[in-house]
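Here's the letter readout for the chains.
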Amino acid sequence: MNDKILNISDLINDFDRVYFDNHREFYSRHGIYPSIAAVLTSPDSGSVSYMKGIRKFCLENGVIFSDYSTRSPQELDELIDSLNADRSVHGIMVMYPTQYGDKD
C-alpha cells in the first residue's frame, strides 16, 4: 500500500471556490451571509487540522465561521439542537472521530 498525502487545494479551487463565486451576487442581493458551524468532538490532530482549513476557506470566501467543541454525547446533541434552531446558521459540520464511542 502506498501512503500518499492528498493536496485538496486543487479540488477546492475547482469546485468550492467556483460555487461560492457563482452564488456571491445572489447572496449579496438577498442579504444572505453564509454561515457554517463546525464542532470538534475530539482532540484528533486530523480533525483539528481539517477544521483550521475550513476556517481559512470561510475567511477567504466571506463565509461566517463559528467553531465549537463538546465533551459528551449529550453536549453534542444539545449543541446540534441549538444550532439547528438558529436561522443564521446554514450548515453544521461535526468533526470525526468522536471521543465518545458508543456510550451514552
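This write-up is about the structure you can find in this document. (Residues numbered from 1 in each chain as written. Predicted model: local features only at pLDDT ≥ 70, side-chain atom pairs only at ≥ 80, totals over all residues. Heavy atoms only, no water.)

**Notes on the sheet that holds strand 3 (residues 91-95)**
Reading across the sheet, the 3 strands line up as 2-1-3 and stay open at both edges, with parallel pairing between neighbours. One side of each edge strand has no neighbouring strand; the edge strands of this open sheet are strand 2 (64-69) and strand 3. Geometrically, the sheet is characterised by an average inter-axis angle of 20° between neighbouring strands, direction not taken into account. Of the strand pairs in this sheet, strand 1 (residues 35-40) and strand 2 are connected by 6 bridges, and their pairing is parallel. (Pairing = 2+ DSSP bridges. Helix = DSSP H or I, 4+ residues; strand = E, 2+ residues; numbered from the N terminus. Axes fitted to C-alpha atoms, helices over the stretch in contact; angles between N-to-C directions.)

**A short note on the packing of aromatic side chains**
One pass over the full model with this rule turns up 1 aromatic pair. Taking the centre distance of 6.3 Å and the plane angle of 65° together, the rings of phenylalanine 26 and tyrosine 27 count as edge-to-face. What makes tyrosine 27 buried here is its relative accessible area of 15%. (Phe/Tyr/Trp six-rings, centres within 6.5 Å; stacked < 30°, edge-to-face > 60°. Buried < 20%, exposed > 50% of the residue type's maximum accessible area, 1.4 Å probe, protein only.)

**A closer look at unusual backbone geometry**
Here the amide bond leading from tyrosine 96 into proline 97 is cis, since omega sits at 10°, within 30 degrees of zero. Mapped onto the elements, proline 97 comes out in the segment after strand 3.

**Observations concerning the nonpolar core**
Counting residues in each nonpolar core, the largest one holds 11 residues, listed as Phe20, Tyr27, Ala38, Leu40, Met51, Ile54, Phe57, Cys58, Val63, Phe65 and Met95. Going through the elements one at a time, helix 1 (9-29), strand 1 and helix 2 (45-60) are the ones with two or more residues in this core. Of the residues forming this core, the biggest block, 4 residues, is contributed by helix 2. Contacts of tyrosine 27, omitting those with residues within four sequence positions, involve Tyr19, Phe20, Ile32 and Pro34. (Core = buried A, V, L, I, M, F, W, Y, C linked by side-chain atoms within 4.5 Å. Contact = heavy atoms within 4.5 Å.)

**Let's talk about the pattern of salt bridges**
This model, assessed by the stated rule, comprises 4 salt bridges. Across the salt bridge formed by arginine 55 and aspartate 67, the nearest N and O atoms sit 2.6 Å from each other. Taken as a pair, arginine 55 in helix 2 and aspartate 67 in strand 2 lie far apart in primary sequence, 12 residues in all. Owing to a relative accessible area of 28%, arginine 55 belongs among the partly exposed residues under this scheme. On the basis of relative accessibility, which here comes to 39%, the residue aspartate 67 falls in the partly exposed class. Here arginine 71 makes a salt bridge to glutamate 75, at a shortest N to O gap of 3.7 Å. What makes glutamate 75 partly exposed here is its relative accessible area of 25%. (Salt bridge = Lys/Arg side-chain N within 4 Å of Asp/Glu carboxyl O.)

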